[in-house]
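# Survey of secondary and tertiary structure
Read off the chains here:
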Amino acid sequence: MKKILILTGGGDCPGLNAVIRGIAKRARKEKDWEVYGSIEAFNGVLNEPQEIVELTSKVTAGIHVKGGTILKTTNKGNPIKFPVPPDGSFKFIDRSDELVKKLKALEFDAVINIGGDGSQKISKVLHDKGIPVIGVPKTIDNDLSATDMTFGFQTAVQIATDSFDKLVTTAESHHRIMIMEVMGRDAGWIALHTAVAGGAEICLIPEIPYDVDKLVKRIDERYFKGRGFVNIVISEGAKPKAGGVTSSAGERGSEHVRLGGVAYQLSKQLKDAGCQAEIRETVLGHVQRGGTPSAFDRVLASAFGVKAFELVLEKNFGRMVALKNNMVTSVTLDEATKEPNFVKPDTYLVQAAKGLGISFGD
């Protein structure tokens, strides 16, 4: 029997289980394949004892409707920069050679790594070291340029839009400014789509630094015409022209600083700039990552899973599954990690938003 190993790394995302199920169901059609999963990404391989489970039909039945990942995940298991606590503080070491040795000892015929930009960079390193790897793109931020869409993004936008719709009615009722903070460390796609779908007055994203005085002017134009109200969507990575990103120290063992709280920072900035309106803040946080994936994300994730296994059958390793021009195809891991998919100020959706009267504070 041939063996395949599946991993889910980085942040969780609606649709992960649909990918796992898609791979497993397609593999079982070949009769001579066994499917396994590593718990918490590559940690399951590196741990002693190892945590690797067989993904039988009983295990994967019906999981496509469930949020999260049955294989669990972590953003503290990068084998290239693995966190090790020597004397109460963390340092990072390269355990990729150790990982390669363990994967070869386990005699897997292929590894499918489901994850975002960081995960696919790991895939590239492992492929260069001789591991037969296929990548599957996963991120609610939709920030991978090699694919037109990543699964999980549409669900996150729908969750954010549903929440925004609820805030609009309470903002109107109380004659208030409502600031809703959504995820988006470096890319503002969730905020942008939510702002257009929800009819926001202001949308603030990482790619377009904002001028606080311009925001106050825009707010005043609407707020003081009768009993006005204003709804603002802001990405967690948004920043003013004069200032930096709102962040705090990351968790122990994490490579990244922790973003969040920019809604409260913006509220203070507006008040300091003379905004007289009553302001309330809402931070959606991990609500955007949870729950049942949308039908679109289930379909896309399932198709990605099937394509990933078919690349394995073709022995077409060193590639990542991608959606291009409404077709499921693949790109090289080099192309997959070449550049991020940031919101460009001249992109059609930014221009459409401005045409709808949405301000970016620029």
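In what follows, the structure referred to is the one given above.
Residues numbered from 1 in each chain as written. Predicted model: local features only at pLDDT ≥ 70, side-chain atom pairs only at ≥ 80, totals over all residues. Heavy atoms only, no water.

### Structural notes on the packing of helix 6 (residues 153–174) against helix 7 (residues 189–198)
Two elements in contact, helix 6 and helix 7, have axes separated by 9 Å at closest approach and are oriented at 45 degrees. Here helix 6 is positioned oblique relative to helix 7, judged by the angle of their axes. Considering the relative orientation of helix 6 and helix 7, their crossing is right-handed. Between helix 6 and helix 7, the residues in contact are Phe 153, Ala 156, Val 157, Ala 160, Thr 161, Phe 164, Asp 165 and Val 168 and Trp 189, Ile 190, His 193, Thr 194, Ala 197 and Gly 198, respectively. Per-class residue counts for the contact of helix 6 with helix 7 are 9 nonpolar, 4 polar and 1 charged. (Axes fitted to C-alpha atoms, helices over the stretch in contact; angles between N-to-C directions. Helix = DSSP H or I, 4+ residues; strand = E, 2+ residues; numbered from the N terminus. Parallel < 35°, antiparallel > 145°, perpendicular 65-115°, else oblique. Left-handed = near helix turned anticlockwise from the far one by under 90°. Contact = heavy atoms within 4.5 Å. Nonpolar A, V, L, I, M, F, W, Y, C, P; charged D, E, K, R; others polar.)

### Description of the sheet that holds strand 10 (residues 230–235)
Across the sheet, 4 strands lie side by side as 9-10-8-13; this open sheet has parallel pairing. On the outer flanks of this sheet lie strand 9 (202–204) and strand 13 (279–283), each paired with one strand and no other. Across this sheet, the average inter-strand angle for adjacent strands is 15 degrees, counted without regard to direction. With 6 bridges connecting them, strand 8 (residues 177–182) and strand 10 associate as parallel partners. When the bridges of strand 10 are listed, Val 182 appears paired with Ser 235. Running at roughly 165 degrees to strand 8, helix 6 makes contact with strand 8, strand 10 and strand 13 of the sheet. (Pairing = 2+ DSSP bridges.)

### Let's talk about the pairing of strand 7 (residues 133–137)
Side-chain direction in a regular strand flips from residue to residue, so the side chains alternate between the two faces of the sheet. The buried fraction of strand 7 is high, at 5 of 5 residues. The alternating pattern of strand 7 places Val 133, Gly 135 and Pro 137 and Ile 134 and Val 136 on opposite faces, both of which are buried. Pairing of strand 6 (residues 110–115) with strand 7 involves 5 bridges; the strand directions are parallel. When the bridges of strand 7 are listed, Ile 114 appears paired with Val 136. At this point the chain moves from strand 6, through helix 5 (residues 117–128), to the parallel strand 7, and the crossover so formed is right-handed. Relative to strand 14 (residues 319–324), strand 7 runs parallel, the two being bridged by 2 bridges. Each bridged residue has a counterpart across the sheet, and for Gly 135 the counterpart in strand 14 is Met 320. (Buried < 20%, exposed > 50% of the residue type's maximum accessible area, 1.4 Å probe, protein only. Right-handed = clockwise from strand over helix to strand, strands pointing away.)

### Observations regarding helix 12 (residues 348–355)
Restricting attention to buried positions, one finds in helix 12 the residues Leu 349, Val 350 and Ala 353. Down the axis of helix 12, the buried side of the element spans an arc of 105 degrees, and every buried residue falls inside it. Across helix 12 from its buried face, at more than 90 degrees, point the exposed residues Tyr 348 and Gly 355. The inward-facing, buried residues of helix 12 contact helix 7. (Arc of directions from axis to C-beta.)

### A look at the environment of Thr 194
As for its placement among the helices and strands, Thr 194 is situated in helix 7. Thr 194 sits in the buried class, given a relative accessible area of 0%. Taking the C-alpha atoms as reference, Thr 194 lies 30 Å from Leu 7; in sequence the two are 187 residues apart.

### Quick word on the nonpolar core
As a rule of thumb, nonpolar side chains are buried together in soluble globular proteins. In this structure, Ile 4, Ile 112, Ile 114, Val 136, Phe 151 and Phe 360 are the most contacted members of the largest nonpolar core, which totals 63 residues. Those residues in contact with Ile 4 that sit more than four places away from it in its chain are Ile 23, Trp 33, Glu 34, Val 35, Tyr 36, Phe 108, Ala 110, Ile 112, Phe 309 and Val 312. Residues Val 216, Ile 232, Ile 234 and Ala 263 belong to the second largest nonpolar core, which totals 21 residues. (Core = buried A, V, L, I, M, F, W, Y, C linked by side-chain atoms within 4.5 Å.)

### Regarding the packing of aromatic side chains
Note on aromatic pairs: each is described by the distance of the centres and the angle between the planes. Per the stated rule, a full pass over the model turns up 3 aromatic pairs. Pairing Trp 33 with Phe 309 gives two aromatic rings, centres 5.3 Å apart and planes at 85 degrees, and the pair type is edge-to-face. Remark: Phe 309 occurs in helix 10 (residues 295–313) and Trp 33 occurs in strand 2 (residues 33–38); sequence separation between them is 276 residues. Exposure class is identical for Trp 33 and Phe 309. Each is buried. In this arrangement the basic side chain of Arg 222 is found over the ring face of Phe 229, its NZ or CZ atom lying 4.6 Å from the centre. (Phe/Tyr/Trp six-rings, centres within 6.5 Å; stacked < 30°, edge-to-face > 60°. Lys NZ or Arg CZ within 6 Å of the ring centre and 35° of its normal.)

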